[in-house]
Amino acid sequence: MRLAVLTSGGDCPGLNAVIRAVVRTASNEFGDTVLGYEDGWVGLMEDRRRDLYDDAEIDRILLRGGTILGTGRLHPDKFKAGLDQIKANMEDAQVDALIAIGGEGTLKGAKWLADNGVPVVGVPKTIDNDVNATDYTFGFDTAVSVATDAIDRLHTTAESHNRILIVEVMGRHVGWIALHAGMAGGAHYTVVPEVPFDVADICKAMERRFQMGEKYGIVCVAEGALPKEGTMNFSEGDTDQFGHKSFNGIGQAIGDEIKERTGYDVRTTVLGHIQRGGTPTAYDRVLATRYGVHAARAAHEGKSGQCVALHGEDIELVPLEDAVGKLKVVPEKRYQNAQALFG
């Protein structure tokens, strides 16, 4: 058989580990060959492909962040209009099955292809950990580790200067990174998109710390967090052609509001894309590798329309329709655990 693999959407630590595992499993277990399409769905439509060999080069990519195939986004209308071209390109390359690695948007595309006769297996990827039907996505642990390390470092400088430091982390619609990094790094308040906040509550928590003799505070904020209506002035960003909201700096807005209301010295740090870059953690390398092994096996066995998923300690196959259409948000009980530590 001949398999193909592509990476779509945002980059993420662990993508190369999946590619490596697909190539090595296909070669070692089945004698299958693998090609890679460059820059996601765009490369598939434009037939930009290259062979991937089970050699020393593919072996070493386990250690690298990003993706050797490149990644990108394609408007859904252009994607759907290119169905015939996609089928023709795969037929010309003698591809028997496609493995699509990406987040919720990519998996939606994979499901649509499967529904229209293209053999596809999905692999969930996102640092946000918001893909439904799987316990964890690779890339999340790396992002949390980076954010936690940043918070660890900010403790010492905040304490030295008697400051409140705001740390803005990624998380458009869900607050998993903020929740985990805030808890692991000992943040004194955490703000997530799932729970609209009142900046007055944050101010009270910080004032309580100073009144108890503490001289600093750390607030961890997800980029997609929003205030309760009427509690502070803040305008949401516009939406791009892919339906992604742009953000106007909620961390800075919270910091400015705290400074105005309390008079404390407040500084804001935005971690941004540093959370997505660099080498993946050991956990993400292992999870991504396991996903790649199971995806290669599913593709070889003709299990189209399926997505690999982590359930407990096991990697299982779930229908792609179970992985899309609904984001996995932070449950109220999980956020309440963090609230117990505020202040």
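A short tour of the structure in this document, coming up. Note that the structure is predicted; figures quoted are calculated from it, not measured.

**As for the packing of aromatic side chains**
- Using the criterion set out here, one finds seven aromatic pairs in the structure.
- Taking the centre distance of 4.8 Å and the plane angle of 50° together, the rings of Trp41 and Phe79 count as tilted. Here Trp41, found in helix α2 (residues 41-45), pairs with Phe79, found in helix α4 (residues 76-81); they are 38 residues apart in sequence, far enough to count as distant.
- Look at Trp41 and you get buried, because its relative accessible area is 5%.
- Classification of Phe79 as buried rests on a relative accessible area of 5%.
- Ring geometry for Phe79 versus Trp112: centroids 5.7 Å apart, planes at 55°, classification tilted. Of this pair, Phe79 sits in helix α4 while Trp112 sits in helix α6 (residues 104-115), and the two are 33 residues apart along the sequence.
- Chaining the aromatic ring pairs together yields one cluster made of Trp41, Phe79 and Trp112.
- Lying over the aromatic face of Tyr136, Lys328 brings its terminal NZ or CZ to 5.8 Å of the ring centre.
- The aromatic ring of Trp176 is capped on one face by Lys328, whose charged end is 5.8 Å from the ring centroid.

**Side note on the sheet that holds strand β9 (residues 266-270)**
- Judged by pairing direction, the sheet is parallel, and its four strands sit side by side in the order β7-β8-β6-β9 without closing on themselves. Looking at the sheet topology across the chains shown, the edges are occupied by β7 (189-191) and β9. Shown here is a sheet whose adjacent strand axes are inclined to one another by a mean of 20°, direction ignored.
- With three bridges joining them, β7 and strand β8 (residues 217-222) adopt parallel strand pairing. Bridge pairing links Val191 to Val221 in β8.
- Contacting β6 (164-169), β8 and β9, helix α7 (residues 140-161) crosses the sheet at an angle of about 170° to β6.
- Taken strand by strand, helix α9 (residues 199-211) contacts β6, β7 and β8, and its axis lies near 165° from that of β7.

**Quick word on the pattern of salt bridges**
- Under the defined criterion, the tally for this structure stands at 20 salt bridges.
- The partner of Asp51 in a salt bridge is Arg2, with the nearest N and O atoms 2.6 Å apart. With Asp51 in strand β3 (residues 49-52) and Arg2 in strand β1 (residues 2-7), this residue pair connects regions lying 49 residues apart in the sequence.
- According to the relative accessible area criterion, Asp51 is partly exposed, its value standing at 36%.
- Asp59 is the partner of Arg20 in a salt bridge, and the nearest nitrogen-oxygen pair spans 3.0 Å. Separated by 39 residues along the polypeptide, Arg20 in helix α1 (residues 15-30) and Asp59 in helix α3 (residues 56-60) bring together distant segments of the chain.
- The class of Asp59 is partly exposed, set by a relative accessible area of 32%.

Rules of the game
- Residues take numbers from 1 onward in each chain, read along the sequence in its written order.
- Residues qualify for local features only when their pLDDT is at least 70, as the model is predicted, and side-chain atom pairs are given and counted only at 80 or more; totals for whole chains, interfaces and linings, by contrast, use all residues.
- Only heavy atoms go into the side-chain values, all of them from the structure, while hydrogens and water stay out.
- Any two rings among Phe, Tyr and Trp, with Trp reduced to its six-membered ring, count as a pair given centres within 6.5 Å; such a pair is stacked if its planes are under 30 degrees apart, edge-to-face if over 60, and tilted if neither.
- By definition, any uninterrupted DSSP run of H or I lasting at least four residues is a helix, any uninterrupted run of E lasting at least two residues is a strand, and each is numbered from the N terminus.
- Each residue gets one of three labels from its accessible area relative to the maximum for its type: buried under 20%, exposed over 50%, partly exposed in between, using a 1.4 Å probe on protein chains only.
- Charges are assigned to positions over rings by a cutoff of 6 Å between ring centre and Lys NZ or Arg CZ, combined with an angular limit of 35 degrees from the ring normal.
- Two strands qualify as a pair provided DSSP detects at least 2 bridges between them.
- In this analysis an axis means a line fitted to C-alpha atoms, helices contributing only their contacting stretch, and an angle means the value between N-to-C directions, from 0 to 180 degrees.
- In what follows, a contact means two residues having at least one pair of non-hydrogen atoms within 4.5 Å.
- Only one rule defines a salt bridge in this text: a Lys or Arg side-chain nitrogen within 4 Å of an Asp or Glu carboxyl oxygen.

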